[in-house]
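Residue strings, one per chain:
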2 protein chains.
Amino acid sequence: MSDTCPVPIGQYERVLMAHGGGGRLMHQLLERVIRPAFSNPLLDTGHDAAVLEMGGGVRIAFTTDSYVVRPLFFPGGDIGSLAVNGTVNDLAMAGAKPSFLSAAFIIEEGLAVSTLERVVASMREAAAAAGVEVVTGDTKVVDRGKGDGIYVNTAGIGVIGHLLTIAPASVTAGDAVVVSGDIGRHGMAIMAVREGLEFESTIESDCAPLAKPALALIEAGLDVHCLRDLTRGGLASALNEIAQGAGVGITLAERAVRVREDVRAACEILGFDPLYVANEGRFAAFVPAPQAARAVEVLQAHAACREAWIAGSVSADMPGRVVLHSVMGSRRIVDMLSGEQLPRIC
Amino acid sequence: MSDTCPVPIGQYERVLMAHGGGGRLMHQLLERVIRPAFSNPLLDTGHDAAVLEMGGGVRIAFTTDSYVVRPLFFPGGDIGSLAVNGTVNDLAMAGAKPSFLSAAFIIEEGLAVSTLERVVASMREAAAAAGVEVVTGDTKVVDRGKGDGIYVNTAGIGVIGHLLTIAPASVTAGDAVVVSGDIGRHGMAIMAVREGLEFESTIESDCAPLAKPALALIEAGLDVHCLRDLTRGGLASALNEIAQGAGVGITLAERAVRVREDVRAACEILGFDPLYVANEGRFAAFVPAPQAARAVEVLQAHAACREAWIAGSVSADMPGRVVLHSVMGSRRIVDMLSGEQLPRIC
């Protein structure tokens with residue numbers, strides 16, 4: 001990041017909810033406190049998964065996420081399916097075939113055993129659907145009032161079977177941005193439950209495993225430069241990260257943006273911009289522009305990606321910036337969020 | 001486990017602190033709720049780390065633990081060094097050379113940034129000492145009152161360079177049990193702080209990386225049948241797990257048990273049995289009895305294992321049981337703890 005103040009982070013001496021929101025404050029926390037402590041070339045790629053050479057020509061991807069979503073159960077998913085799919089998808093974004101997961105639980109004293117059973121059953125189903133095995137785990141219990149039911153951490157290992165360098169630094173002018181489906185459903189599914197909003201139909205999370213469609217792009221022979229899932233901070237934050245990481249400008253066409261009507265309505269009621277709302281089953285793929293239509297075609301063969309669309313293009317102009325061409329013909333910069341939009345969305 | 005009641009776990013419909021204590025209740029939770037959901041041969045080995053075949057002749061170990069210790073800082077360590085060494089040691093117990101770690105933080109809103117800095121600095125130092133790199137991570141923030149400062153999860157990958165099958169099932173009659181040092185320090189260091197006990201000298205945690213001494217046993221050509229670190233539930237629980245996993249009996253000689261005087265005093269004051277107190281830098285190695293003296297010699301060459309001792313022997317008698325031969329000449333069964341002795345010790 002360009003800002004180089006020492007810690008404390010800006011004016012903050014204490015961690016705020018916003019530091020976990022996927023926006024600029026979270027990036028400052030990572031860039032100024034956490035990354036410097038562990039600085040090494042593997043961590044510094046700024047990718048969701050580390051790519052590790054294990055000898056014998058074996059390359060694997062390795063990633064982790066903790067899940068603190070509330071409520072634990074929501075339309076279209078729960079903390080268990082989220083914990084499996086989130087980590088599976090981080091592996092897929094390195095172009096890896098997800099193979100093995102760990103599962104670690106921090107349980108608050110008093111959690112109903114039946115709730116734990118529902119969570120692990122959901123994890124089992126999600127793991128089976130994604131073709132991964134949970135091979136190791138851990139369980140801790142914390143005092144009542146020191147947790148929130150259950151937190152789940154998963155780490156994952158995937159096998160990389162290609163020779164591409166799929167990373168932000170590979171994105172270049174002339175690339176197209178292909179997005180795998182309509183955006184904003186996961187965040188609005190959660191918020192609709194929390195706020196008690198009712199629509200004609202229930203908004204369901206898009207939570208889904210993305211390895212098959214992501215790997216299909218590679219198997220189709222496309223020159224995949226980068227893959228990025230659109231989780232905390234949504235499409236806007238993901239594109240800002242890539243624009244900054246690659247030193248390129250990204251242009252989005254507002255006309256093309258795919259948002260379901262009920263999601264758009266929920267966003268309007270709650271004052272959210274769907275570009276910033278978290279997804280758990282959507283990703284952006286960066287491929288050379290001439291391959292964009294083929295990428296959409298490949299993605300649309302998968303149920304989770306029927307609504308894949310070409311979202312924008314990459315150029316050398318305005319490096320580090322994301323610009324939206326509005327329906328009205330104006331242009332505006334789509335910045336990274338400052339802080340938190342949706343707390344505990346994943 | 002022999003008990004086959006369906007869930008709810010015994011008479012419990014809710015998770016208790018004791019379900020995280022490393023004793024019988026924790027085993028019931030794992031055996032009846034969590035393991036059945038994910039049942040597969042890799043998970044079912046009952047080992048701290050899964051051993052994975054990655055192709056190309058590459059075998060790796062993979063493990064995870066969450067750390068919820070309180071207080072965050074204690075004599076001899078803190079949640080950061082614990083989170084690194086604990087996972088490094090789980091890899092070492094598979095005979096793997098620890099290589100890569102993930103680090104995931106669940107931070108309670110309001111945590112001082114300076115505290116986070118101390119934790120990550122400690123992790124960096126511990127990682128450097130253990131020769132591992134933190135290559136991927138995650139940060140989540142939860143609302144005030146929904147956490148306890150900071151929880152840390154680490155997962156780890158290690159490379160297996162030997163052809164041994166280091167697992168409970170490899171333990172057999174005629175093996176000796178070698179323990180790498182005096183026991184009970186980690187648990188008593190934590191409890192002395194919590195209870196405000198003062199001794200002439202401060203009891204410091206034994207928290208230390210164990211990969212070098214553990215791998216030295218293998219490099220010395222010893223027939224290492226099993227390695228197990230003596231964390232939650234202490235030496236007694238670890239031996240019970242092995243006795244049950246291997247279907248063997250284990251005999252301990254009380255006379256040989258190494259416990260520092262201040263640790264023994266703290267145990268007496270607080271009513272703990274040092275056999276059940278958690279360690280974070282101690283392990284048991286199972287080798288054929290004729291190799292036990294050599295194993296002790298190899299271990300004692302390492303600073304963390306200067307006090308290595310021969311703790312007992314394995315036989316076909318009383319399978320699944322651990323028996324203590326007391327100084328007075330009597331014999332008593334050292335059972336697995338029912339529930340919790342020391343909450344949130346790691």
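Our subject is the structure listed above.
Remember, predicted model here, so these are calculated numbers, not experimental data. (Residues numbered from 1 in each chain as written. Chains lettered and ligands numbered in written order. Predicted model: local features only at pLDDT ≥ 70, side-chain atom pairs only at ≥ 80, totals over all residues. Heavy atoms only, no water.)

Asks: Please explain unusual backbone geometry as it appears in this structure.
Replies: When glycine is set aside, most residues are seen to have a negative phi, and most peptide bonds are trans. The omega torsion of the bond from A:Arg70 to A:Pro71 falls at -5°, within 30 degrees of zero and hence cis. One non-glycine residue, B:Met318, adopts positive backbone phi at about 45°. Overall, B:Met318 belongs to the partly exposed group, its relative accessible area being 35%. (Buried < 20%, exposed > 50% of the residue type's maximum accessible area, 1.4 Å probe, protein only.)

Asks: How do you make sense of the sheet that holds strand S5 (residues 96-108) of chain B when you look at a structure like this?
Replies: Pairing between the strands of a sheet comes from backbone hydrogen bonds, and it takes one of two forms, parallel or antiparallel. Residues and elements named next belong to chain B. Taken in spatial order, the five strands make up an open sheet running S1-S2-S7-S5-S6, and their pairing is mixed. Strands with a single pairing partner mark the edges of an open sheet, and in this sheet they are strand S1 (50-53) and strand S6 (133-142). Ignoring strand direction, the axes of neighbouring strands in this sheet form an average angle of 20°. For S5 and strand S7 (residues 150-160), the ladder comprises eleven bridges, and the chain directions are antiparallel. Note that in S7 the partner of Ile106 across the bridge is Tyr151. Most of the contacts of helix H2 (residues 79-92) go to strand S2 (residues 59-67), to which it runs at about 150°, and overall it touches S2, S5 and S7. Packed onto the sheet, helix H3 (residues 113-130) meets S5, S6 and S7 and runs at close to 15° relative to S7. (Pairing = 2+ DSSP bridges. Helix = DSSP H or I, 4+ residues; strand = E, 2+ residues; numbered from the N terminus. Axes fitted to C-alpha atoms, helices over the stretch in contact; angles between N-to-C directions. Contact = heavy atoms within 4.5 Å.)

Asks: Please clarify how the interface of chain B and chain A should be interpreted in this entry.
Replies: In many analyses, interface size is given as the accessible surface area lost on bringing the parts together. Each side of the interface is counted separately: chain B has 78 residues, and chain A has 78 residues. A buried area of about 6,700 Å², summed over both sides, lies between chain B and chain A, and 68% of it is on carbon and sulfur atoms. If you sort the residues of chain B by the area they bury against chain A, B:Val15, B:Phe38 and B:Phe62 come out on top, with a joint share of 10%. The interface formed by chain B and chain A holds ten salt bridges in total. For the salt bridge of A:Asp138 with B:Arg232, the shortest nitrogen-to-oxygen distance reads 3.0 Å. The tally of links from chain B across to chain A stands at 22 residue pairs in polar contact (both at pLDDT 80 or more). Those elements that provide at least two residues to the side of chain B that touches chain A are helix H1 (24-38), S1, S2, S5, H3, S6 and S7 of chain B. Top contributing element to the side of chain B that touches chain A by residue count: S6(B), with ten residues. (Buried area = accessible area lost by both parts, 1.4 Å probe. Salt bridge = Lys/Arg side-chain N within 4 Å of Asp/Glu carboxyl O. Polar contact = N/O pair within 3.5 Å; in protein donor to acceptor, adjacent residues only side chain to side chain.)

Asks: What should I look at first to understand the packing of H2(B) against H3(B) in this one?
Replies: Geometry of a packed helix pair, given as the angle between the helix axes and the separation of the axes. Residue and element names in this part refer to chain B. For the pair H2 and H3, interaxial distance at closest approach is 7 Å and the crossing angle is 35°. In this structure, H2 crosses over H3, and the sense of that crossing is right-handed. Contacts from Ile79, Gly80, Ser81, Ala83, Val84, Asn85 and Val88 in H2 reach Val119, Ser122, Met123, Ala126, Ala127 and Ala130 in H3. Split by residue class, the contact of H2 with H3 holds nine nonpolar, four polar and no charged. (Left-handed = near helix turned anticlockwise from the far one by under 90°. Nonpolar A, V, L, I, M, F, W, Y, C, P; charged D, E, K, R; others polar.)

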